[in-house]
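Each chain is listed here by its residues.
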Amino acid sequence: MSEGSPGNHGNPLRLQIAGAPAEVHAEAWNALLARQAAPTPFMRHEYLAALHASGSAVPDAGWTPLYMLLRQGDELAAACPLYLKSHSYGEYVFDWAWANAYQEHGLAYYPKALIAVPFTPVPGSRLLARDAAARQALIEAVRDWCRDEGLSSLHLLFGDAADLDACDAAGLMRRDQVQFHWQNKPFTSFDDFLASLTQDKRKKIRQERRRVAEAGVTFRVLRGAEITPADWRFFYRCYERTYLEHGNPPYLTPAFFDAMARTLPETWVLFIAERGGAPIASSLIAASAFQTGAGGRFDAESAAWGRYWGALERVDSLHFEACYHQPIEWCIRHGVARFEGGAQGEHKMARALMPVVTHSAHWLAHPAFSDAVQDFLRREGAGMARYLDHLRERSPLRKSGTPSTPRGEI
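Here we summarise the structure given alongside this text.

**Concerning the overall build of the protein chain**
Across its full length, the protein chain carries 11 helices and 14 strands. The globule rule puts the C-alpha radius of gyration for 410 residues at 22 Å, and the 22 Å found for the protein chain is close to it. Judged by the C-alpha coordinates and their principal axes, the protein chain covers about 70 × 45 × 40 Å. Burial analysis of the protein chain (410 residues in total) assigns 53% to the buried set. If you take every contact in the protein chain between residues at least 6 apart in sequence, the share linking residues at least 24 apart comes to 76%. The centroid of the 44 positive side-chain charges in the protein chain is displaced by 7 Å from the centroid of its 46 negative side-chain charges.

**Quick word on helix α4 (residues 132-148)**
Between its terminal C-alpha atoms α4 stretches 24 Å, which fits the 24 Å expected from 17 residues at 1.5 Å a residue. Counted residue by residue, α4 has 13 buried out of 17 residues, so it is predominantly covered. You can read the cap of α4 off the contacts: a side-chain oxygen lies 3.3 Å from the backbone nitrogen of alanine 133, and it is on aspartate 131. Glycine 150 sits one or two positions beyond α4 and adopts a positive phi of about 75 degrees.

**Quick word on helix α10 (residues 318-334)**
With 17 residues, α10 ought to run about 24 Å at 1.5 Å a step, and its terminal C-alpha atoms sit 23 Å apart, in line with that. The largest bend in α10 amounts to roughly 30 degrees and is located at histidine 325, with the proline proline 327 lying one to four residues further along. Among the 17 residues in α10, 12 count as buried, and that is most of the element. Considered for burial, the residues of α10 that qualify are Leu318, Glu321, Ala322, Cys323, Tyr324, His325, Gln326, Pro327, Ile328, Trp330, Cys331 and Ile332. Glycine 335 sits one or two residues past α10 and shows a positive phi near 70 degrees.

**Side note on a nonpolar patch on the surface**
Together, Tyr89, Phe94 and Trp96 give the surface a local cluster of nonpolar side chains, amounting to about 310 Å² of exposed area. Counting through the fold element by element, phenylalanine 94 comes out in the loop between β4 (75-85) and α3 (96-104).

**Some words on the pairing of strand β12 (residues 299-311)**
Burial analysis of β12 places 10 of its 13 residues in the buried class, the great majority of the element. Bridging between strand β11 (residues 278-287) and β12 involves 7 bridges; their strand directions are antiparallel. Bridging across to β12, alanine 287 finds its partner in alanine 304. Pairing of β12 with strand β13 (residues 336-343) involves 4 bridges; the strand directions are parallel. Residue pairing in the sheet places tryptophan 305 in a bridge with glutamate 340 of β13. Regarding topology, α10 serves as the crossover connection from β12 to the parallel β13, and that connection is right-handed.

**Digging into the pattern of salt bridges**
Taken as a whole and judged by the stated rule, the model has 25 salt bridges. When the shortest N-O distance is used, the salt bridge between arginine 209 and glutamate 321 registers 2.8 Å. With arginine 209 in helix α7 (residues 199-214) and glutamate 321 in helix α10, this residue pair connects regions lying 112 residues apart in the sequence. Note on accessibility: arginine 209 and glutamate 321 belong to one class, buried. The salt bridge involving arginine 211 is made with aspartate 316; its shortest N-O contact spans 3.5 Å.

Calculation notes
- Every chain is numbered on its own, with residues counted from 1 as its sequence reads.
- Predicted model: local features are reported for residues with pLDDT of at least 70 only, side-chain atom pairs are reported and counted for 80 or more only, and whole-chain, interface and lining totals are derived from all residues.
- Calculation of side-chain values draws on the structure's entire complement of heavy atoms; hydrogens and water are dropped beforehand.
- Elements are defined by DSSP. Helices are runs of H or I of four residues or more, strands are runs of E of two residues or more, and each kind is numbered from the N terminus.
- Based on C-alpha atoms, the radius of gyration is set beside the globule rule, defined as 2.2 Å times the residue count to the power 0.38.
- Between buried and exposed lies partly exposed: a residue is buried under 20% and exposed over 50% of the maximum accessible area for its type, with that area taken using a 1.4 Å probe on protein chains only.
- Contacts are residue-level and defined by heavy atoms, with any inter-residue pair within 4.5 Å sufficient.
- By the counting scheme adopted, Arg and Lys are positive, Glu and Asp are negative, and His together with the chain ends is not counted.
- We put the charge of a Lys on NZ, of an Arg on CZ, of an Asp on CG and of a Glu on CD.
- Here a helix's expected span is defined as the number of its residues, less one, multiplied by 1.5 Å.
- Here a polar contact means two N or O atoms within 3.5 Å. Within protein one must be a hydrogen donor candidate and the other an acceptor candidate, and residues neighboring in sequence count only if both atoms are side-chain atoms.
- We define the bend at any residue as the angle between the axes fitted to the seven residues before and including it, ending there, and the seven starting there.
- Excluding any residue in a salt bridge, patches collect residues exceeding 30% relative accessible area, merging like charges within 9 Å and nonpolar Val, Leu, Ile, Met, Phe, Trp and Tyr side chains within 5 Å.
- Shrake-Rupley sampling with a 1.4 Å probe provides the accessible areas, and residues are treated as covered by the protein chains on show and by no other component.
- Should a side-chain nitrogen of Lys or Arg be within 4 Å of a carboxyl oxygen of Asp or Glu, the pair is scored as a salt bridge.
- Any two strands with at least two DSSP-identified bridges between them are counted as paired.
- With the strands pointing away from the viewer, any crossover whose connection runs clockwise from the first strand over the helix to the second is right-handed.

Structure (structure tokens):
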């Protein structure tokens, strides 16, 4: 672990840099996370430590982990995970064009610094801090460290509002992207949810679900300790198959999911599709670790996140059932307020996952490139606003006052 100054004279805060999760006190990290406005299980110490210990996010894979810790005496005042990256894979905020421009001018873009959760495009708190002043000091200390180390750039991905405010003040540039999230009204049942959609979307979903049922497919839904080692092994076969079908090995190793089963079991909900008594597909979602609701009571702060899926057999509409319809039905039944469908995918709107803006922040050390990227982001932002208007015009939600069950609907 190394130490340095946050860069403000007279500031009692000091920056420490840990090179592995084992050097960071897990309880102190998680306690700081729980104080944030948008905590997620993906920022818990157990999750980040599993990425490292499993060989998933390690230097050999292009992810050199560092933990930036701002201390005041023995107190952990602020902290964030930081990775030195030798590529831009597994981030879901694309800067390949920036890297290519650096290369064309004979400059090195990599290694770059990244404040993010590897392979996990889930919005939430990234700069964990006891208060706004500590958060500001942390991002400024990290930015100054990047400059001192001669790094090309610093990027914070999928941050919350407090993170972005601190980044604005530290001179980082904002960038917006779009994801698709489902909101529970709350609904009383899946049919109640369908009644909120336009007739054509309602009909399409019912047809998709009917195809799966008529193919003889049923689902087992398991959470936490209900997921057996055999279930986890079957899930990994499905998860691995999805990546291999696209010509790439999976980002996450079996050891990562073994660690999740041990250290964060209640975070995970597994949907296993079966036909003729044999499993044929699965999808995995995560559920809010800070949920306060129980027994199906609606919890306005709770969330679930779609993560991974795979199938060993082809069944018409099975992907939609496993990845959207089953998780949404589970959220309704358990009073979960929001289901986030992950990165990209306009097709999700047909399942009432609506466009939501997510944010990143970027600092480039080279002044000319920083100016060029700032100009690019202004133009990209204008295009993003037009894109959002276009998406909202295609809303699948039934307009207020429209009959919910038109005569003759199948």
